[in-house]
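Architecture and fold: a report
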Amino acid sequence: WVHMEDFVKPNLTEPSSPTGAFVFNAKDRDFLDVMVYFHIDRFQQYVQAALDLPRMGSSSVRADPQGENGADGSTGSGSGLSFGAGGVADASDAMIVLHEYGHFLQDAAKPGSAIGNFPSGVAEGFCDFLAAVYYDDKHANPATTRGHMFSWDANPVDGFWEGRRYDSPMMLSGTAFEDLGGYERGEVWCSTMFELYRKLGGDSSRAARRGAARDLAIRLHLVANGGVPKEEASITQMAHAIGEADADLGGWRYPDRLHQKVIDATFIRRAVPSY
């Protein structure tokens, strides 16, 4: 579901192996290729099998694990993924890898939406949410890193940047929210969806319940991405699309509309405009 391709400078040869043995030290630059390949390929297999969405981004995306002209920061779209190497190499953080793949999935669901839906926050918010929920069971110390986006890349020792949060208490309407930019609004939307995941079972003491909440929350948002305009989609439109995805599960695991009360309660509490 992903292939390495050097399409953004610097020009570096991708690793090859006649035996398929791609084992590298974490400080070896070829380790970044392995990180990108593994985390994207595994996630798409998860989308295909566990979430039963066989047409959701079902093509091999090209990825350049050492791109962006060596600068910090990464990009993702329907045309491919490029990871920066400035500071802490972005491809060494699985959350960043999945975040950028989220933009590819957005464009697969609705071409152009990864950029077109940046202003409202739903584009960046979805990608942060994807990584936050999918890796929620991977925190070595949840009290320290749960709620901190990109905690490997934005670690306190290297101190290159602060990262983002997905535990923001801010509401999705009002002057404070309206004054935010696309990334900051994305933090609030991601935090709202992470709250929904927790209410669906993400805080359960049972691993199976947490896994079920993860699968449901991710599936709802993946489907909802195709139910909003490709440009200027509002928070309200995306919130309604989440509910519509629950109302049409298509026989996947649960009866339609089973979770509507929890979805409504979450979006009302977060003051989604006109909800």
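See the structure above.
So, a few notes on the structure that sits alongside this text. What you are looking at is a predicted structure, and each value in this text was computed from that prediction instead of being measured. (Residues numbered from 1 in each chain as written. Predicted model: local features only at pLDDT ≥ 70, side-chain atom pairs only at ≥ 80, totals over all residues. Heavy atoms only, no water.)

Before going further, it helps to examine unusual backbone geometry. The amide bond that connects K9 to the next residue, P10, takes the cis arrangement and shows omega of 5°. Along the chain, P10 turns up in the loop between strand 1 (2-4) and helix 1 (30-49). With a phi angle near 60°, F150 is a residue other than glycine that sits in the positive phi range. Inspection of the secondary structure puts F150 in the loop between strand 5 (148-149) and strand 6 (164-165). On the basis of relative accessibility, which here comes to 3%, the residue F150 falls in the buried class. Despite not being glycine, S274 shows a phi value in the positive range, around 60°. (Helix = DSSP H or I, 4+ residues; strand = E, 2+ residues; numbered from the N terminus. Buried < 20%, exposed > 50% of the residue type's maximum accessible area, 1.4 Å probe, protein only.)

Core analysis: the largest hydrophobic core is formed by 68 residues, its most contacted members being F43, Y101, W189, I218, L222 and I242. Sort the elements by how many residues they give to this core and helix 4 (residues 122-134) lands first, with nine residues. (Core = buried A, V, L, I, M, F, W, Y, C linked by side-chain atoms within 4.5 Å.)

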